[in-house]
Structures are given as C-alpha cells and as structure tokens.
Amino acid sequence: MDFVYKTLFFSLLFLLSRQANADFNATTSAAGKLAGRCNIFRGKWVFDASYPLYDFSTCPFIEDEFNCGKYKRPDKMYLKYRWQPFSCNLPRFNGVKFLEKWRGKKIMFVGDSLSLNMWQSLSCMIHSWVPKAKTTLIRREGLAELVFHDYGTKLLLYRTQYLVDLESQKVGRVLKLDSIQNGYAWRGMDMLIFNSWHWWTHNGRSKPWDYMEDGGKLYKDMNRLIAYYKGLTTWARWINRNIDLSKTQVFFQGISPTHYEGKDWSQPSKSCSGERLPFSSFKYPAATPFSAVVVNKVLSRIKKPVYLLVITLLSQYRKDAHPTYYSFHRGLDCSHWCLPGVPDTWNELLYAATIG
C-alpha cells in the first residue's frame, strides 16, 4: 500500500473522528427530514408492554441463529423496549399498509448475516399482520425470495459479505476491491437496502479470502478500514452508474455494533452475556466506530443520494439484545440480534422513511 495514500487516509480518519458526532447529527437530521421533519435516530429506549411486534413461535421465517425464544432465553424484558425519538413519534408499523404501498414491487436486502437478520425481522413483522396470507419462500445459493402472493410483494435477500467481488483464482481466493460483477442481480428492484462491514474484520480461518486485489495489484493484506473504504467507493460507483432513483429507493443499513467488550459501556469485565437491560445514559462511552465514519464519508461523495439508516448509536445502547448463548451457535454471539428484537426497530425506521 502506497505510504502517501495511507498517511492521507489516516489523517482523514483522525479529522473525521473528531467531527464524528457533528457528522452524525447532520446526517441524522437530513434523514429525519425525509422521514417526518424530526431526527428519528436520536432518542431513547422506553418500556412498552405492547411489544414485541410478533411472537417468535408464530413466525415461520426466523432462523435458529436468531431465535432466542426457541432456545429458552429465560429473561423477557429485552423484548419490551420501543425506540422513542426525542422530538416526534415513529409511526406504528402496519404490515397491510406496507404491503399496499409495495404491491407488485420487489424489495431486496443485499449484504451479510446482519442483512439476513433485518430481512427475517421484516418478514415476521409483515406476517404478523397477514398470518393467513399465501406465501412462498424460495432459497437458492446466495439468494432467498419471500413472496406475499395476495399483494405480489417480493422480499428478497442477496447474500454477499463484501458487496465487491470474491473470486477463485490460481493464486487462491481473491477479494477484488475495485470490482462488482454480480450487481446484475440487484437491478430491477424497487427498493434496495445494502449492508457490509461485519466480515471486513475477520482474520485467520474465518477470513474467506487469501489476497486482496486493487488496481491489478495483489496484496496479502492491508489495513481493513482502507480496504473497506476502497470497497465502498467501488459500490458507490456502481450505484452512480446503475441506479435510476425515479424507479428505485436505495438505503444503507448502517453499522451494527457488537458488544463483546464491556469497556465500551464502562464495564470492562463484562460482555453481552448476562446483560438484561439497555445502556441507560444518553452518551454512550465508546466512540463512533471508524467504520461508520467511512460510511458517512463515502455517502457524502456519492452522486445519487442514498438514505442512511443511522442505527449505530441506538443499537449500541442495546447490549442486552444479542443471542449470547441462546441460539444453535455454541459460542458467544454478541454480533447478531435476537428476533423479535433490535432489527424490528431498524425496520420501523425504514417504514418511517418510506411510508410515515
């Protein structure tokens, strides 16, 4: 990696990190105006006895990695919190209204297992309103499609860890930071919700690539934030070249935080395991993740506006809402989210941005 490029990049990150809160205020204010003239991403979690929005036992779409109820999580309070913006109310999710709005339309989530988390959440939220509706769920390698036949609405999930291409070459598995060849599958959608970050930090055996490629050069590795910036810039270029905003609404899911390290909420001896309550103070001790700063920077330069769901801070508060050990995974999971749970709020924010 060119030394000058690295120096400029980290200088930029440093300056951006000092401005992170101001940047997020500006971003969330702009998004809030689109969603109803208030900042829907600034608020607090409040107890609401009417929650959750659906029952895990009656939704046929929840996979075992998110199904904390099926795996006998003993506490239930994590299900009873609703996101309350400071200066307005979110519209209550109405699955029938959503289906009517998107009748005959195609909505696609594009990303990793956190996109899966959000896609299954939305599927359950809609299903709870039309439990007797005829549905078809088709799964193929890397692609899933749920159809609500009475409305002709299709919810699709395209699985990709990085958005950019991952290829098998003679030298091994190559992550191509400057290439998106599989984007043809994203065309023709009425709504796209993109997500990527979770896999960019993986190392060792969990890392699914052997080399990175950029500008025709192979790298055994590089700083992951630099790689992420390059990959997202390639994605932004794809959006500029391929999306007609008069036909397609585009969202970026935002950075979903993890809670493996209790120092993030000033309890260094803890992790998400055993947490039963959200973080209650307004100012979360951990700083804005650099990955979120990169997302903001890329979106600030994109020619065709993408609506950022600013889920990072509101999700940082929810150290209590991960599967921990209550899923089919044997290890501790402080990355994904129980369903019902936090991704339902992400979808309520999406609902507010498109309907509310």
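Residues numbered from 1 in each chain as written. Predicted model: local features only at pLDDT ≥ 70, side-chain atom pairs only at ≥ 80, totals over all residues. Heavy atoms only, no water.

## Describing the overall build of the protein
Okay, so step 1: A count of helices and strands for the protein gives 8 helices and 13 strands.
Okay, so step 2: By residue count, 56% of the 356 residues in the protein fall in the buried class. (Helix = DSSP H or I, 4+ residues; strand = E, 2+ residues; numbered from the N terminus. Buried < 20%, exposed > 50% of the residue type's maximum accessible area, 1.4 Å probe, protein only.)

## Remarks on the state of the cysteines
By definition, a disulfide links two cysteine residues through a covalent bond between their sulfur atoms.
Okay, so step 1: Scanning all chains against the criterion turns up 4 disulfides.
Okay, so step 2: Sulfur-sulfur distance for the disulfide between Cys68 and Cys338 comes to 2.0 Å. Disulfide Cys68-Cys338: the torsion about the S-S bond is -90°, which places it as left-handed. One end of the pair, Cys68, is in the loop between strand 1 (43-47) and strand 2 (81-85); the other, Cys338, is in the loop between helix 7 (312-316) and helix 8 (342-354), and 270 residues separate them in sequence. Like Cys338, Cys68 is buried.
Okay, so step 3: Going through the protein in sequence order and numbering each bonded cysteine, the pairs you get are 1-4, 2-5, 3-8, 6-7. (Disulfide = S-S within 2.5 Å.)

## Description of the pattern of salt bridges
When the charged atoms of two side chains lie near each other, side chains of opposite charge can form a pair.
Okay, so step 1: Following the criterion strictly, the structure yields 13 salt bridges and no others.
Okay, so step 2: Between Glu100 and Arg103 there is a salt bridge, with its nearest N and O atoms 3.2 Å apart.
Okay, so step 3: The class of Glu100 is partly exposed, set by a relative accessible area of 42%.
Okay, so step 4: Between Arg173 and Asp210 there is a salt bridge; the shortest N-O distance is 3.0 Å. Taken together, the positions of Arg173 in strand 8 (residues 172-176) and Asp210 in the loop between strand 9 (191-194) and strand 10 (211-214) put the pair 37 residues apart, joining distant regions of the chain.
Okay, so step 5: Accessibility expressed as a relative area gives 22% for Asp210, which makes it partly exposed.
Okay, so step 6: Bridged by salt links that share partners, the residues Arg73, Asp75 and Arg276 form one connected network. (Salt bridge = Lys/Arg side-chain N within 4 Å of Asp/Glu carboxyl O.)

## Quick look at the sheet that holds strand 5 (residues 143-148)
Okay, so step 1: Taken in spatial order, the 7 strands make up an open sheet running 4-5-6-3-9-12-13, and their pairing is mixed. Two strands in the sheet have a free side with no partner beyond their single neighbour: strand 4 (135-140) and strand 13 (307-308).
Okay, so step 2: Across the sheet, helix 4 (residues 113-127) touches strand 3 (106-111), strand 4, strand 5, strand 6 (153-159) and strand 9, and the angle it forms with strand 6 is around 165°.
Okay, so step 3: Across the sheet, helix 8 is in contact with strand 3, strand 9, strand 12 (249-252) and strand 13; its angle to strand 12 comes to roughly 150°. (Pairing = 2+ DSSP bridges. Contact = heavy atoms within 4.5 Å. Axes fitted to C-alpha atoms, helices over the stretch in contact; angles between N-to-C directions.)

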